[in-house]
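Descriptive structure summary
Okay, here's what each chain looks like letter by letter:
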Amino acid sequence: MEKKEIRIGLIGCGFMGRTHSNGYKRIPNFFPDLQYTPVMKAVCSRTEETVKAFAQQWGYESYETDWKALIARDDIDAVDICVPNNMHKEIAIAAAEAGKMVLCEKPLSRNLEEGKQMVEAVRKAGVKNTIWYNYRRLPAVTLAKQIIESGKLGKIFHYRSNFLQDWTINENLPQGGRAFWRMDANAAGSGVTGDLLAHCIDLAMWLNGGIEDVSSVTEIFVKQRKHEDTGHLEEVKIDDACIFHCHFANGSLGLFESTRYARGHKALFTFEINGEHGSLKWDLHDLNRLEYFNNTDDSNVKGWRSIHVTDGDQPYMDKWWVPGLSIGYEHSFVHQAADFFKSLESGEDCHPTFADALQTQRVCEAVIDSAKDRQWKDTQVEWKNQ
Ligand SMILES: NC(=O)c1ccc[n+]([C@@H]2O[C@H](COP(=O)([O-])OP(=O)(O)OC[C@H]3O[C@@H](n4cnc5c(N)ncnc54)[C@H](O)[C@@H]3O)[C@@H](O)[C@H]2O)c1
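Note that the structure is predicted; figures quoted are calculated from it, not measured.

Time to look at the overall build of the protein chain. A count of helical and extended segments in the protein chain gives 10 helices and 17 strands. For 386 residues, the compact-globule formula gives about 21 Å, and the C-alpha radius of gyration of the protein chain, at 21 Å, lands near that figure. Counting across all 386 residues of the protein chain, residues that qualify as buried make up 48%. Considering only intrachain contacts with a sequence separation of at least 6, the fraction spanning at least 24 residues in the protein chain is 68%.

So, in structure tokens, the structure goes:
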């Protein structure tokens, strides 16, 4: 079969630049039936030495040091944005206006207003778009979605989710600059809310529907940190920790917590959903397992079952090894890339689109506003099971 090539221009060669590049590289080997295939045409980062080495290491045909030059190229079909949050809007809008498909890292934007402009730009240009909320594509998480959609859990009462880290428990850690842009509100938009809770919220709404209103508290544990760019002590404006509760449109209650101050936890992303007939729980540290309690089981064997999601009839696993053998974090990006190319065949959207991710942005904004005003906030989310 003659493959249709999609020429990728990747911007940013840090953590996500690597996961996405790995994703593109695995497609021809593990998804050979796709009609569309990625060509790693160009990568962009600011310093020539870094970007040249990255291009060689990952197999990009060429490189640029100015993202505008990359977008201007005729031999790029899709722009993949892997840079800090403050650059998502400008790059995405420029790429859409140039008629390129746009794949963008999460969160969509620093705030709701920027997100709205991005959604409008891709809508106006009519270009294919997606946001890398990659955890949807872990097989155990996709299986949870299938179980929930089958109705096996019955009426849902509770949804709770955490994302816990501990890497900023150090008052000498600076903010800003290349390494610590997440600590700088100007670059990141918010702290754990946009960085970590955004993942929790995307999954929560995908699994359990729209979030209607929120009430939250946030905390900044270290109030001042040296800024890498200015060299001065500056006020910290990102949330170090955030806890919120909420109502879902289906009548269930939600409880969410994220922090970078939970000593001992590196990336403990969890969710649990409790329904009338059953419950599910999952955590990222044991990502191939889905815990399932089915209240309709015979009472003498009733209990939590731990499903090792590695069999060929479970989501995505027919593409990998043999039953019982695990896959990892990086596969969520391979799956998202594969689903993107599949969506080019079907003509359907590759969810979450920019418009879907804007709904997550609405919740994030309401969470931040609620903490600031110490009041419940409506989210204005419009969720159609995207
Ligand atoms: N999906 C996920 O789970 C996940 C995980 C981590 C990060 N992210 C998101 O990915 C994005 C990037 O995060 P990261 O962890 O890869 O950051 P990073 O700091 O590791 O890498 C950022 C890259 O952007 C480059 N860059 C910065 N300014 C640039 C410019 N003007 N032109 C070209 N390149 C520029 C940097 O040189 C660096 O290579 C962020 O939006 C972040 O929220 C998502």
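It is worth spelling out helix 4 (residues 88-97) at this point. Residues of helix 4 that are buried: His88, Lys89, Ile91, Ala92, Ala95 and Ala96. Of the surrounding secondary structure, the elements contacted by the buried residues of helix 4 are strand 1 (4-11), helix 3 (67-72), strand 4 (78-81), strand 5 (101-104) and helix 5 (112-125). One or two positions beyond helix 4, positive phi appears at Gly99, with a value near 80°.

Our focus in this paragraph is the domain arrangement of the protein chain. Here the protein chain is partitioned into domain 1 (4-134) and domain 2 (138-378). The straight-line distance from the C-alpha centre of domain 1 to that of domain 2 is 23 Å. On the side of domain 2, 34 residues touch domain 1, which itself brings 38 residues to the contact. Among the elements of the structure, helix 1 (15-30), strand 2 (36-44), helix 5 and strand 6 (129-131) are those that each provide at least two residues to the side of domain 1 that touches domain 2.

With that settled, consider the sheet that holds strand 7 (residues 156-164). One open sheet accounts for nine strands, arranged 16-15-14-13-7-12-11-8-17; its pairing is mixed. Only two strands of the sheet have a single neighbouring strand rather than two, namely strand 16 (304-308) and strand 17 (377-378). Both strand 8 (residues 211-219) and strand 17 contribute to a ladder of two bridges, which runs antiparallel. Counterpart to Asp213 in the pairing with strand 17 is Asp378. Sitting on the sheet, helix 10 (residues 354-373) is in contact with strand 8, strand 11 (241-248) and strand 17, with an inclination near 50° to strand 8.

What counts as what
- Residues numbered from 1 in each chain as written.
- Predicted model: local features only at pLDDT ≥ 70, side-chain atom pairs only at ≥ 80, totals over all residues.
- Helix = DSSP H or I, 4+ residues; strand = E, 2+ residues; numbered from the N terminus.
- Rg over C-alpha atoms; globule rule 2.2 N^0.38 Å.
- Buried ≥ 20, exposed ≤ 12 C-beta atoms within 10 Å, placed from the backbone.
- Contact = placed C-beta atoms within 7 Å.
- Domains from an automatic or database assignment.
- Pairing = 2+ DSSP bridges.
- Axes fitted to C-alpha atoms, helices over the stretch in contact; angles between N-to-C directions.

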